[in-house]
2 protein chains.
Amino acid sequence: MAASTLSEVARLAGVSLATASRVLNGSSRKPAEDIAERVREAADKLGYVPNAQAQALAKSSSGLIGLVVHDIADPYFSAIARGVQEAARQQNRMVLLASTTGTPADEKEAVAAFAARRADSIVIAGSRSVREEDKQGNAELAAELDRYCRNGGHVGVVGHPVVGATAAEGYHVVEVPNEELAAGLAEQLAASHNGAFLIIAGPEGLYTSDDRVRGFQRGLADAGRPAAEVIRTGFNRAGGFEAGKALAERIKGSSDRLCIFAVNDVMAIGVTAALRPEGVWIPRDATVAGFDDIETLRDFRPALSTVHLPLEDIGRLAAGDPDTAPISGTVKLRRSTETPVESQL
Amino acid sequence: MAASTLSEVARLAGVSLATASRVLNGSSRKPAEDIAERVREAADKLGYVPNAQAQALAKSSSGLIGLVVHDIADPYFSAIARGVQEAARQQNRMVLLASTTGTPADEKEAVAAFAARRADSIVIAGSRSVREEDKQGNAELAAELDRYCRNGGHVGVVGHPVVGATAAEGYHVVEVPNEELAAGLAEQLAASHNGAFLIIAGPEGLYTSDDRVRGFQRGLADAGRPAAEVIRTGFNRAGGFEAGKALAERIKGSSDRLCIFAVNDVMAIGVTAALRPEGVWIPRDATVAGFDDIETLRDFRPALSTVHLPLEDIGRLAAGDPDTAPISGTVKLRRSTETPVESQL
DNA sequence: CTGTTAGCGCTTTCAA
DNA sequence: TTGAAAGCGCTAACAG
């Protein structure tokens, strides 16, 4: 990685280092045009590429924004990543990516690495958890973030504050109204569904999942309905699939049409996929709703009822874009929770 | 971004800068254990975080790997990104992300930025094009890459070499056998489909698209079939959708069952989505095949016939992982191209 | 307006 | 084994 340096350019142009710097990299002061031209020529001839590392070191600001996600290939995260990327572009920064396995310990590593690179800000998009096994990891992550903030860094967290993080300067949480939206979904669902409800949730202690469960139950209660049974499984397609498999017999054995709320879209897809080969059709034999409104899943049939979340905006906001409005979602009722007309049966 | 520095640590521990460096950041030489312990304590107390920028500057190696994609939210790219990310993790590097709008000019910018950051290697995942309007952009991109390689950088390009790039040292192309695989798909399709074929392709000049078209036509020819008509549209879902809309009447007006090959999965989904509300059912009234085997689309019904591409491996390979085998794909015939049994009609 | 000169934080010879 | 010192490439006072 040995490119030519500023001083080489300066020498070739026959000017001082400072002048070359002023010409090539935006300074408030602008040297005379003739000398500037000479410098640019020299730079061009040498194929000069400014060393961003050295610049960052000299002005202590890296132009980097760090993004922590569980899995960049997960459409939920990649949508957020797009938003972060856009914000970064506007701010003239670059995005540093870290995928973690989802454990706070891993996230702590990532944050430390970002801090080492002197990222101007860090966005954490993974979901927070309060599970016992994550306790120490959470504490360490919180400490790391705290230190980073104290050193002048900015942190944007999606959804929920990192457990134990003191609300330091520069620490910013993008609130996602999961609970309210889930309540809204439940109410709208209750309006057209008379049977029982069932929730397929992620592991207990996952904030996002817990919020959505709580909200849904509240919505049900507000609609005068009994609380739904909750099944715990993995917070991903595989989890939904497993739950679906386990549910098939039960649905077939009952005459009551069940309304299933999976706490995110990919889980809902998993449920549906598991049910289909068992002969359980959606929405004929049961109905299914999800949460997130993942774009790639929009062509899925039956179209999935869900709650639309502006994921890109979430990313943008977490990355500190000032022009993005606070997050709100919308309930989207689609085919997967329609009551079939008699003639369609 | 003012954290404590190595010299502060050294002073607190009462040792020299050099010793502190040797203790904290792996050196071949190891100071005495008692002194090392003192240094570690001091570092801990001060919350020392090594400045990666400064380290990079001093040893001229940044530990960065740059990734250029068109759109990180596109499942094709995010799958590749995951592979790159994994490789980076193994190499103990971090991924720098750049999304471009797909024009070579943008990609050139991204490469320049990576070069400025002294990325150890750069992965370019966007598809190459030879269109006239991209000519200058391509040339500039090629020049930029060339310079980067000459300065010791490593480049991994997915699919096709950058147009005009001289095969410099460090320049590496991950070959994706698009043409062969498309030919294979055509042959297998021809075995069970007697009617006409039609190809929905991206804009002419897009290598990936062109390769798949050419391969498909060759496969058809090898199977003794006439060449398929080719419709050009956008290389994305919207393009497929548009083509599907335009095709609906024609399909309904003909008694011949058409087999449609969309050159990638999201286009195939777009076609299917456009056809459905027109009453054209797949595979009853026409059949559809795609390319890529995007994971998120796997639950789509009718299950899409396609060509599986190991996208993660592609990413890993492009990022210079030595343990990943060369890329090969597999034809996957699924429901969307099945000939319906009479009883199902 | 231009040039000189300290650093930015760290690694790494080279002496001691 | 430890320490002193010379950079790595660039920016930003400060001086001319």
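Residues numbered from 1 in each chain as written. Chains lettered and ligands numbered in written order. Predicted model: local features only at pLDDT ≥ 70, side-chain atom pairs only at ≥ 80, totals over all residues. Heavy atoms only, no water.

- Looking up chain A in an unreviewed UniProt entry gives the name LacI family transcriptional regulator, with the organism given as Paenarthrobacter histidinolovorans.

## Some details on the interface of chain B and chain A
Next up, step 1: Facing 56 residues of chain B, the contacting portion of chain A comprises 55 residues.
Next up, step 2: Taking both partners together, chain B and chain A bury about 5,200 Å²; carbon and sulfur atoms supply 55% of that area.
Next up, step 3: Between Asp71 of chain B and Arg82 of chain A there is a salt bridge, and its shortest N-O distance comes to 2.5 Å.
Next up, step 4: Going through the elements one at a time, helix H4 (52–59), helix H5 (75–90), strand E2 (94–99), helix H6 (104–116), helix H7 (135–150) and helix H11 (265–275) of chain B are the ones with two or more residues in the side of chain B that touches chain A.
Next up, step 5: For the side of chain B that touches chain A, the element with the highest residue contribution is H5 of chain B, accounting for seven residues.
Next up, step 6: Classifying every residue of the side of chain B that touches chain A by side-chain character gives 32 nonpolar, 13 polar and 11 charged. (Contact = heavy atoms within 4.5 Å. Buried area = accessible area lost by both parts, 1.4 Å probe. Salt bridge = Lys/Arg side-chain N within 4 Å of Asp/Glu carboxyl O. Helix = DSSP H or I, 4+ residues; strand = E, 2+ residues; numbered from the N terminus. Nonpolar A, V, L, I, M, F, W, Y, C, P; charged D, E, K, R; others polar.)

## Remarks on the packing of aromatic side chains
Next up, step 1: Overall, the coordinates contain eight aromatic pairs over all chains when judged by the stated rule.
Next up, step 2: When the ring of Tyr76 of chain B is compared with that of Phe77 of chain B, the centres are 5.1 Å apart and the planes differ by 80°; the resulting orientation is edge-to-face. Comparing Tyr76 of chain B with Phe77 of chain B shows no difference in burial state: the two are buried.
Next up, step 3: For the ring pair Phe261 of chain B and Phe291 of chain B, a centre distance of 6.5 Å and an interplane angle of 55° mean the geometry is tilted. Taken together, the positions of Phe261 of chain B in strand E8 (residues 258–262) and Phe291 of chain B in the loop between strand E9 (286–289) and strand E10 (306–308) put the pair 30 residues apart, joining distant regions of the chain.
Next up, step 4: Through pairs of rings, three or more aromatic residues link up here, namely Phe197, Phe216, Phe261 and Phe291 of chain A. (Phe/Tyr/Trp six-rings, centres within 6.5 Å; stacked < 30°, edge-to-face > 60°. Buried < 20%, exposed > 50% of the residue type's maximum accessible area, 1.4 Å probe, protein only.)

## With respect to the relation of the copies chain B and chain A
Next up, step 1: Superposition record for chain B on chain A: RMSD 0.1 Å, screw rotation 180°, translation along axis 0.0 Å. Such a combination of turn and shift is consistent with a two-fold rotation axis. Residue Leu96 of chain B of chain B places its C-alpha closer to the rotation axis than any other residue of that unit, at 2.3 Å.
Next up, step 2: The residues that chain B uses at the interface reappear at the interface of chain A in 98% of cases, marking a shared surface. (Least-squares fit on C-alpha atoms with pLDDT ≥ 70 in both.)

## Some details on the nonpolar core
Next up, step 1: Core analysis: the largest hydrophobic core is formed by 140 residues, its most contacted members being Ile200, Phe216, Ile260 and Ile314 of chain A together with Phe216, Ile260 and Ile314 of chain B.
Next up, step 2: Non-local contacts of Ile200 of chain A, meaning those with residues more than four positions away in its chain, are made with Ile231, Thr233, Ala243, Leu247, Ile260, Phe261, Ala262, Val263, Met267 and Val271 of chain A.
Next up, step 3: The next biggest cluster of nonpolar side chains, apart from the first, holds 52 residues, and it includes Leu64, Tyr148 and Val155 of chain A together with Ala142 of chain B. (Core = buried A, V, L, I, M, F, W, Y, C linked by side-chain atoms within 4.5 Å.)

## Points about the environment of Ala88 of chain B
Residues and elements named next belong to chain B.
Next up, step 1: Inspection of the secondary structure puts Ala88 in helix H5.
Next up, step 2: Once the C-alpha coordinates of Ala88 and Glu132 are considered, the two residues, 44 residues apart in sequence, prove to be 35 Å apart.
Next up, step 3: Those residues within four positions of Ala88 in sequence are excluded, and the remaining contacts are Ile65, Arg93 and Val95.

## Observations regarding unusual backbone geometry
Next up, step 1: Looking along the chain, the bond that leaves Ile282 of chain A and enters Pro283 of chain A is cis, with omega of 5°.
Next up, step 2: As for its position among the elements, Pro283 of chain A is in the loop between helix H11 (265–275) and strand E9 (286–289).
Next up, step 3: You will see that Asn92 of chain B, though not glycine, has its phi angle at about 60°, which is positive.
Next up, step 4: Within the secondary structure, Asn92 of chain B sits in the loop between H5 and E2.
Next up, step 5: With a phi close to 60°, Asp293 of chain B is a non-glycine residue in the positive phi region.
Next up, step 6: Secondary-structure assignment places Asp293 of chain B in the loop between E9 and E10.

## Structural notes on the sheet that holds strand E6 (residues 197–201) of chain B
Adjacent strands of a sheet form backbone hydrogen bonds with each other and so pair up, either parallel or antiparallel.
All names here are of chain B.
Next up, step 1: Within the open sheet, the four strands sit side by side as E7-E6-E8-E9. Their pairing is parallel. For this open sheet the edge positions go to strand E7 (229–232) and E9, each flanked by a neighbour on one side alone. Neighbour-to-neighbour, the strand axes of this sheet turn through a mean angle of 20°, independent of strand direction.
Next up, step 2: Alignment of E8 against E9, held across four bridges, turns out to be parallel. Each bridged residue has a counterpart across the sheet, and for Ile260 the counterpart in E9 is Val288.
Next up, step 3: On top of the sheet, helix H10 (residues 237–253) reaches E6, E7, E8 and E9; it is set at about 160° to E6, its chief contact. (Pairing = 2+ DSSP bridges. Axes fitted to C-alpha atoms, helices over the stretch in contact; angles between N-to-C directions.)

## Notes on the pairing of E8 of chain B
Residue and element names in this part refer to chain B.
Next up, step 1: Of all five residues in E8, five are buried, a share of seventy percent or more.
Next up, step 2: Here E8 shows two buried faces, one formed by Leu258, Ile260 and Ala262 and the other by Cys259 and Phe261.
Next up, step 3: Note: E6 against E8, four bridges, orientation parallel. The residue bridging Ile199 from the neighbouring strand is Phe261, located in E8.

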